[in-house]
Amino acid sequence: MKNALNVIRKNTMLIILVLVVLFFTAMTGGSMLQPSNFDALIAQNAYVYVLATGMLMCMLTGGNIDLSVGSFVCFIGSVGGTMMVIGGMNVGLSMALMLLIGVAYGCVLGYIIAYLNIPPWIATLAGYLALRGWGVAIMKGLTISPMPDSFVQMFNGHLPKSFCLIIGAVVCVLFVLITVKGRTDKLKKGYETESLVSMIVKCVLVCAVTMLFAFKFQNHNGIPFTLIWVAVIVLIYHFITSKTTIGRYFYTIGGNKEATRLSGIDTNKIMFTAYLNMAILTVIAGWLTMARLTSANPTAGVNYELDAISACVVGGVSAYGGSGTVFGMVVGATLIGVINLGMSLMSIDPNWQKVIKGVVLLAAVVFEILNNKDMTKD
Amino acid sequence: MAQGKEKKKQNAAASGFGKAAKIYFKENAGIIVALLVLCIFLSVNPLTSFSFLTQKNVFNVLRQISTNLYLACGMTMVIILGGIDLSVGSIIALSGCLAAGCVSRYNLPIAVAILVGILVGLVVGMFNGWVIAKTTIPPFIVTLATMNIAKGLAYVYTGGSPVRVVTKEWQFIGAGYIGPVPTPVVILVLVLIITAIIMNKTKLGRHLYAVGGNAQAAQFSGISVAKVKFLVHTYSGIMAGLAGVVLASRMYSGQPTAGDGAEMDAIAAVVVGGTSMAGGSGKIGGTIIGGLIIGVLNNGLNLMNVNSFWQYVVKGCVILLAVYVDYVRNKKSKL
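Residues numbered from 1 in each chain as written. Chains lettered and ligands numbered in written order. Predicted model: local features only at pLDDT ≥ 70, side-chain atom pairs only at ≥ 80, totals over all residues.

S.K.: When you look at the overall build of chain B in this model, what are you seeing that I'm missing?
M.R.: A tally of regular secondary structure across chain B gives 15 helices and four strands. Rg of the C-alpha trace for chain B: 21 Å, near the compact-globule value of 20 Å for 335 residues, within the 12% margin. In terms of overall dimensions, chain B has C-alpha extents of about 70 × 55 × 40 Å along its principal axes. (Helix = DSSP H or I, 4+ residues; strand = E, 2+ residues; numbered from the N terminus. Rg over C-alpha atoms; globule rule 2.2 N^0.38 Å.)

Okay, here's the thing in structure tokens:
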């Protein structure tokens, strides 16, 4: 019984996500689960996943955030749009240049934060103001469109339908294999592991969800490229945060920066990396946004920083750093995405949607904190 | 001996004001010089010299900065506490819309409308303060949430379009004059005096610095940290409510888009004014100059016909510069 309670507690957000999906499915008479909505969910929220991944790395280092991501998305769009649409530059070359700009911005921001010790809050606040202004100035306040087809297709295209089930099956098999291998490795080394039942349940659930998506995509247009971009990025960062030394450093800094520094880890370098990484991921989010809108416009990226932070916080990333996982963040981002999509399907007034979003964010944090309090009490 | 002490006290009292002024100038030397350079540049520059120093423009600048400084008064205290209040911009929208609605939709007396607007700020501020005091949720997340909620409610109430007010008297508080001085500026002076008294002469003020410097130590020395947090956030809310009413009066309407980005301007004024983002230190005197610099900068850029997009870039750079100077100064004082 206690075990079951613990499982529920550990996966509360996941359970809430399922409940929310069921709620909206009931409220919309099932239209929530239509194939086109699976596509929409991915397309509309791709940028949240990408930005929240970067934000997670920043927040791990001690609750540091990057407020400038929304403005940087706009700035990258204006530069890229100018190069590709007005300048008629080669798509590959302009994408490389955009990445280069991202690296440059990340280096400047990282240097200011890590080596000049300016609070991230302020440094990125300055970026928030300056980049939005600069970006809009480059566009002269006008929308630049349309983006070249080859660029748009890179993100908005779909893999042929026939691949859906095969890819879904491959993902399922890989997941089961990795989970089983992880468990046997842990057992061999004598570490504590989860029970066999919970592992089997987890595998079955993941496979079921994967295959559900695969079927839905097969009935629509095929697997969207955005999903592949998002999946690759999420998997890379899942690997970095859970399997690599540098990933562990992000957690230790968030836990205790001074202790980390004294144990011989270059904390400044990690902080620098966090913000450089954020800027690079922001460029990718910028591409996704440009492709979805097939344009660069002055209001692109407004409030993106809030979406990314909300996704992390709802996904259980500590606002004080040191704890949080990529998986949790994905659940958080999906939860927010589903709520947005569901509310739009129920045609709730967008103004109320804003109110509800705020309430959800607050409720999630309060909930998380109460939950943790109970855990420490046990 | 005793006589000597007495004499010293008298001397201190006599030269108290001069001393205070001296300390004030010394503490804020950097930003005062910056402000003067800015003003001199604008009065000499042929593009702006004919308009900058006119009485109309000076009052204009003062009127423009007054709403920002109301916010900055609350924000200074919140930042000294080590927190942040992101919800002020949205409170401006909500309080402005409701106050304007009171006058134009329900035909209530203007005094009631003003009270309603300030009450809106009070309620949101109290909510912020209550959650921040009672839980360990970081202030920026709490106020981020209330920012969305308040903004959403403003849009819900207005349906997205401005609430126009045709009543003439309504314009007094935002666009009117008391004698030759614009009303918002008179209110600003009152607000500044009240804030200065709270911060420098009351127990709450002392506790504010103690909690901002080291919350745990403050708690152990018997200060109710929760109460201080609650009161400070409530004050910030009230200031935002007031700013909302004044702005709605100046624009003859309550607009749901009012106050967009106002929190950034307020933070900028506070930070440029030398309040440390780390908490525990800062003065309202610095914030005044910070607000003036931001206001004059905006005005100068407007007079020079600089594209408003570039104004954001300039503002961003100014904030960064201010924090960098703060950092260098802190480093020096530590050595």
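S.K.: Would you mind going over helix α6 (residues 120–139) of chain A with me for this structure?
M.R.: Because the α-helix completes a turn every 3.6 residues, residues three or four places apart line up on one side. Residues and elements named next belong to chain A. Compared with an ideal rise of 1.5 Å per residue, which puts 20 residues at 28 Å, α6 spans 28 Å between its outermost C-alpha atoms and is within 8% of the ideal. Across the 20 residues that make up α6, a large majority, 17, are buried. Note on α6: the residue one or two positions beyond its end, K140, has a positive phi of about 55°. (Expected span 1.5 Å × (residues − 1). Buried ≥ 20, exposed ≤ 12 C-beta atoms within 10 Å, placed from the backbone.)

S.K.: Looking at this structure, I do not really get the domain arrangement of chain A. What am I missing?
M.R.: Residue and element names in this part refer to chain A. With domains assigned, chain A is organised as domain 1 (33–157 + 248–377) and domain 2 (159–223). Spacing between the C-alpha centres of domain 1 and domain 2 amounts to 27 Å. In this complex, domain 1 contributes four residues to the contact, which on the side of domain 2 involves six residues. (Domains from an automatic or database assignment. Contact = placed C-beta atoms within 7 Å.)

S.K.: I tried to follow the interface of chain A and chain B on my own but got confused; where do I start?
M.R.: Reports of interface size often rely on the accessible area that becomes lost once the parts have come together. The interface of chain A with chain B comprises 34 residues on the first partner and 34 residues on the second. Its residues assigned to classes, the side of chain A that touches chain B comprises 24 nonpolar, six polar and four charged. (Nonpolar A, V, L, I, M, F, W, Y, C, P; charged D, E, K, R; others polar.)

S.K.: Explanation requested: the packing of helix α2 (residues 12–27) of chain A against helix α15 (residues 326–345) of chain A in the structure shown.
M.R.: To describe two helices that pack against each other, one gives the angle between their axes and the distance between the axes. Residues and elements named next belong to chain A. Axis separation between α2 and α15 bottoms out at 10 Å; the angle between their running directions is 15°. By the angle between their axes, α2 is roughly parallel relative to α15. The two elements α2 and α15 cross, and the hand of that crossing is left-handed. Packed against α2, whose contacting residues are M13, L14, I16, L17, V20, V21 and F24, the element α15 presents G328, V331, G332, T334, L335, V338, I339, G342 and L345 at the interface. Looking at the contact of α2 with α15 residue by residue, the class counts come to twelve nonpolar, four polar and no charged. (Axes fitted to C-alpha atoms, helices over the stretch in contact; angles between N-to-C directions. Parallel < 35°, antiparallel > 145°, perpendicular 65-115°, else oblique. Left-handed = near helix turned anticlockwise from the far one by under 90°.)

S.K.: Teacher, can you tell me more about helix α14 (residues 304–314) of chain A here?
M.R.: Along α14 of chain A, eleven of the eleven residues are buried, which leaves the element largely enclosed by surrounding structure. Within α14 of chain A the residues assigned to the buried category are Y304, E305, L306, D307, A308, I309, S310, A311, C312, V313 and V314 of chain A.

S.K.: In this structure, what is going on with the environment of G168 of chain A? I would like to understand it.
M.R.: All names here are of chain A. By the element assignment, G168 lies in helix α8 (residues 163–189). Residue classification places G168 among the buried positions, given that 21 C-beta atoms sit within 10 Å. Once the C-alpha coordinates of G168 and C207 are considered, the two residues, 39 residues apart in sequence, prove to be 8.3 Å apart. With near-sequence residues (within four places) excluded, G168 lies in contact with T210, M211 and A214.

S.K.: What should I look at first to understand the nonpolar core in this one?
M.R.: Generally speaking, soluble globular proteins have nonpolar side chains that are buried together. Among the nonpolar cores identified, the biggest contains 204 residues, and L51, A52, M55 and C312 of chain A together with I319 of chain B are the most heavily contacted of them. Take this core: its biggest share by element is 16 residues, from helix α13 (residues 267–293) of chain A. Here this core spans two domains, since at least three of its residues come from each of domain 1 (33–157 + 248–377) and domain 2 (159–223) of chain A. What C312 of chain A contacts, discounting residues up to four positions off in sequence, is A52, M55, L56, M59, V317, G324, M329 and G332 of chain A. (Core = buried A, V, L, I, M, F, W, Y, C linked by C-beta atoms within 7 Å.)

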